[in-house]
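Residue-level listing of the chains:
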Amino acid sequence: MSLLFRRSAWGIAALVLSVSMGSGIVAQDTYLEKDGLLVLEAEAASNIPTNHWAVDSSVAGASGGSYLRAKTNSFGNPGRGTISYNFQTTSTGNFQFNFRSRIGQGTSNTEHNDTWVRLVDRNGNAIAPIANNNDVRSGRWMKAYRNGNVSQWISQASNRDNDPHSISWSLQKDTEYAIQLSSRSAGHLVDRLYLWDRSRYNFANQNAGWGANENALNNLTNSGLVPEPGTAALSLGVMGWLLLRRRQIAG
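Residue positions are counted from 1 within each chain, in the order its sequence is given. At least 70 in pLDDT is required for a residue's local features to be given in this predicted model, at least 80 for side-chain atom pairs to be given and counted, and no such filter applies to totals for whole chains, interfaces and linings, which use all residues. Heavy atoms throughout the structure, all of them, feed into the side-chain values; hydrogens and water do not.

### Some words on the overall build of the chain
And step 1. Only DSSP runs of H or I reaching four residues or more are called helices, and only runs of E reaching two or more are called strands; each is numbered from the N terminus. Within the chain, the secondary structure is distributed over three helices and 13 strands.
And step 2. Under the scheme applied here, a residue whose accessible area is under 20% of the maximum for its type counts as buried, over 50% as exposed, and between as partly exposed, the area being computed with a 1.4 Å probe on protein chains only. Within the chain, the fraction of its 251 residues that count as buried is 48%.
And step 3. Any two residues whose heavy atoms approach within 4.5 Å are treated as being in contact. Considering only contacts within the chain whose residues lie at least 6 apart along the sequence, 76% involve residues at least 24 apart.

Right, here's the structure in full:
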């Protein structure tokens, strides 16, 4: 599966070429990691599969007033109802994942409390997490769950049942990636996504993923989009590709 990013030099050119070639691919926004931080509203994704997820606002306390609600269970088949959040890095480092979520049905703090997560490169290839005794499934999907008070929004992303381990990846500077979520437990409410450079921030337990500094995370500003390249740069890039194609065909 190939991803198409937008609002970067590579993404804009790819979009133009895709349209000119009649591919029918829909581009997605690309966010910018800055100063070791990526902060995203879960409901801001442009490719939400509505048979598995719904944008909801009936539960108070969500950042921006709305969030995603998982509609389906998929305990043994990660990858159903996949949502992608494209981003570009500005730094190299080991980045820890977290999300702000809530249990949206029932009264148990260990049910309806998890979602599948993984990281892929711009071509859709899944990236192995930093070794932390994680429970990694087919396609490098990992269960990310939260515990705690059912009636509260909590920032926690732990993996491995009854033995919580955080989820992190090693990222390279000036590279495009995508965080992907897929539905696992119906009724899990996902509000906000975080990635932070562990050498610069310690927002939650680095080994287990719990114990987040909720006030610090709640006060973080959402990440912006990658700035669009100038029209001239874009035109030159597309023309260069067309010239190369002509030479290949002529040769």
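### Side note on unusual backbone geometry
And step 1. Although it is not a glycine, Asp 35 adopts a positive phi angle of roughly 55 degrees.
And step 2. Here Asp 35 is to be found in the loop between strand S2 (28-32) and strand S3 (37-41).
And step 3. A relative accessible area of 47% means that Asp 35 is categorised as partly exposed.
And step 4. Residue Asp 174 is not a glycine yet carries a positive backbone phi of 55 degrees.
And step 5. Within the secondary structure, Asp 174 sits in the loop between strand S11 (168-171) and strand S12 (176-183).
And step 6. Residue class for Asp 174 comes out exposed when judged on its relative accessible area of 55%.

### What to know about the environment of Gly 209
And step 1. By the element assignment, Gly 209 lies in the loop between strand S13 (188-197) and helix H2 (214-218).
And step 2. Taking the C-alpha atoms as reference, Gly 209 lies 5.0 Å from Ser 158; in sequence the two are 51 residues apart.
And step 3. Non-local contacts of Gly 209, meaning those with residues more than four positions away in its chain, are made with Gln 96, Asn 98, Gln 156, Ala 157, Ser 158, Ser 166 and Ala 204.

### Concerning the environment of Tyr 201
And step 1. In this fold, Tyr 201 is placed in the loop between S13 and H2.
And step 2. Residues Tyr 201 and Gly 36 lie 165 residues apart in sequence; the distance between their C-alpha atoms is 8.2 Å.
And step 3. When near neighbours in sequence (up to four residues on either side) are disregarded, Tyr 201 contacts Asp 35, Gly 36, Leu 37, Trp 196 and Gln 206.
And step 4. For this analysis, a polar contact is any N or O atom pair within 3.5 Å, provided that within protein one partner can donate a hydrogen and the other can accept it, and provided that sequence-adjacent residues contribute only side-chain to side-chain pairs. Polar contacts involving the side chain of Tyr 201 include one to the main-chain carbonyl oxygen of Asp 35, which spans 2.6 Å.

### Focus: the side chain of Arg 192
And step 1. With respect to the element layout, Arg 192 can be found in strand S13.
And step 2. At a separation of 2.5 Å, a polar atom in the side chain of Arg 192 contacts the main-chain carbonyl oxygen of Leu 220.

### A word on the pairing of S13
And step 1. When you tally the buried positions in S13, you get 10 out of 10 residues, the bulk of the element.
And step 2. Note: strand S5 (residues 67-70) against S13, two bridges, orientation antiparallel. Looking at S13, one finds that Leu 68 is bridged to Val 190.
And step 3. Judged from the nine bridges that link them, strand S7 (residues 93-103) and S13 form a sheet pairing that is antiparallel. Its bridge partner lying in S13, Gln 96 is registered against Trp 196. Pairing between two strands requires that DSSP report at least two bridges joining them.

### Here we look at the packing of aromatic side chains
Any aromatic ring pair is given by two values, namely how distant the centres are and how the planes are angled relative to each other.
And step 1. Each pair of aromatic rings taken from Phe, Tyr and Trp, with Trp reduced to its six-membered ring, is defined by centres within 6.5 Å and is described as stacked if the planes are under 30 degrees apart, edge-to-face if over 60, and tilted in the remaining cases. Applying the stated criterion across every chain, the model contains six aromatic pairs.
And step 2. Both rings, one in Phe 97 and one in Phe 99, keep their centres 5.4 Å apart while their planes meet at 65 degrees; by these two values the pair is edge-to-face.
And step 3. The exposure class assigned to Phe 97 is buried, which follows from its relative accessible area of 0%.
And step 4. Residue Phe 99 is classed as buried on the basis of its relative accessible area, which comes to 0%.
And step 5. Ring geometry for Tyr 201 versus Phe 203: centroids 5.2 Å apart, planes at 10 degrees, classification stacked.
And step 6. The class for Tyr 201 is partly exposed, based on a relative accessible area of 21%.
And step 7. Looking at Phe 203, the relative accessible area reads 11%, which means it is buried.

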